[in-house]
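Residue-level listing of the chains:
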Amino acid sequence: MATWAIGDVTVIRIEEQIGFASRAPEDYLDGFEREVLARHLDWLVPHHYSPREDRLVNSVHSWLIRTGRHTVLLDSCAGNHKHRPGFPRFHQLDIPFLNRLRAAGVQPKEVDAVLCTHLHSDHVGWNTMLVDGRWVPTFPNAKYLFSRIENEIGDPRRNPAAEADIQRGFAYCDSVLPVIEAGQAVLVDGEHAIDDSLTIVPAPGHTRGHVALWLANTAGRALFSGDVMHHALQIHAPHWNSKFCELPDVARATRRQLIEQCVEHRATLFPAHFGAPHVTRIRAVPQGFSPEFVVADRN
Ligand SMILES: [Zn+2]
């Protein structure tokens, strides 16, 4: 299991799936420029882009964060057996994700907190699992942390537009609502500390209520950025949004601000969808910014 250490905190990547984006780069990233891709092919192939398929590589994984006090799962991928018409990569999956979690040394009952950076379908799936035909929380002892704004936008009973939103409607009903009904949800506003080293901060743009998570301890800082960025090439081109960013101008501003903060603090960036090695630092270069990938301390 790919594991990074930041002082006494360990971060383990729990893979759900890695593969090609389902759309061509132009349909995946808004503002995509072929010349930027061409300039960076030497490091993009094969882990971030396939010239043969002409597809960007997209990983779907959770970050398992173990501090001395807490075991936190950040984002919960697409999940098994979920009905996701229009999303073949997320529809009716049967992936041994929980076995991978156990292989990382954690039983579902040992997870203390699940944080969803936002409520799109590829970030909430393992919140629940199907037991005797019902969706039940996968992590029986966890508090599930959701942004209050996300919860308001995602709930089709309060926002009729969510029902038609293919990223949200079904996902809310099978992966968020059962957690709320079980009394395990905590709705978060503004900054929110999980413990001494972990702080949730608003990071709006991809969605209105999107949040990120900062880790800070004596050894350094790390940022878990969710979908603030979808692909490592966006470090070179922070003005590119994903096609699913709900507030384009805000998404660009948030991305640039967090990139600058990563540079300033020499923070390790743990994004939701980057290809291998999935983790990077960011360095300022004359043309802007450049990734400096960080291989795992152990595999
Ligand atoms: Zn995503």
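A brief report on the enclosed structure follows. (Residues numbered from 1 in each chain as written. Predicted model: local features only at pLDDT ≥ 70, side-chain atom pairs only at ≥ 80, totals over all residues. Heavy atoms only, no water.)

Scanning all chains against the criterion turns up 11 aromatic pairs. Between Phe87 and Phe244 the ring centres are 6.2 Å apart and the planes differ by 40 degrees, which places this aromatic pair in the tilted class. On the criterion of sequence distance, the pair formed by Phe87 in the loop between β6 (71-74) and α4 (97-103) and Phe244 in the loop between β16 (241-242) and α9 (248-265) is long-range, its members being 157 residues apart. Accessibility expressed as a relative area gives 12% for Phe87, which makes it buried. (Phe/Tyr/Trp six-rings, centres within 6.5 Å; stacked < 30°, edge-to-face > 60°. Helix = DSSP H or I, 4+ residues; strand = E, 2+ residues; numbered from the N terminus. Buried < 20%, exposed > 50% of the residue type's maximum accessible area, 1.4 Å probe, protein only.)

Around the zinc ion, the protein supplies Asp122 (OD), His123 (NE2), Asp227 (OD) and His273 (NE2) as donor atoms, at distances of 2.1 to 2.3 Å. Of note is the zinc ion, whose four donor atoms meet at the metal with angles of 86 to 158 degrees in an arrangement that counts as irregular. Read from N- to C-terminus, the donor residues coordinating the zinc ion fall into the pattern D-H-x103-D-x45-H. Within this pair, whereas His123 is found in the loop between β7 (113-115) and β8 (128-131), its partner Asp227 is found in the loop between β15 (220-226) and α8 (233-236), the two being separated by 104 residues in sequence. Taken as a pair, His123 and Asp227 share a single burial class, namely buried. (Donors = N, O, S within 2.8 Å, 3.2 Å for Na, K, Ca; no water. Tetrahedral: all angles 85-135°; square planar, octahedral: opposite > 155°, others 65-115°.)

Applying the stated criterion across every chain yields a total of 18 salt bridges. Asp249 is the partner of Arg252 in a salt bridge, and the nearest nitrogen-oxygen pair spans 3.0 Å. Residue Arg252 and its partner Asp249 are both found in helix α9; the two are separated by three residues, about one turn of the helix. Under the relative-accessibility criterion, Arg252 is labelled partly exposed at 27%. The shortest N-O distance in the salt bridge between Arg283 and Glu292 comes to 3.2 Å. The partly exposed category is assigned to Arg283, whose relative accessible area is 37%. One connected set of salt bridges, linked through shared partners, spans Glu150, Asp165, Arg168 and Glu246. (Salt bridge = Lys/Arg side-chain N within 4 Å of Asp/Glu carboxyl O.)

Attention now goes to the side chain of Arg89. Structurally, the position occupied by Arg89 is in the loop between β6 and α4. Comment: no salt bridge for buried Arg89; closest opposite-charge side chain is Glu16, at 7.4 Å. Within polar-contact distance, the side chain of Arg89 engages the backbone oxygen of Phe20 at 3.4 Å. Here the side chain of Arg89 touches Asn58 through a polar contact of 3.0 Å, side chain to side chain. Among all residues touching Arg89, those that are not within four sequence positions of it are Gln17, Ile18, Gly19, Phe20, Ala21, Asn58 and Val60. (Lys, Arg positive; Asp, Glu negative; His and termini not counted. Polar contact = N/O pair within 3.5 Å; in protein donor to acceptor, adjacent residues only side chain to side chain. Contact = heavy atoms within 4.5 Å.)

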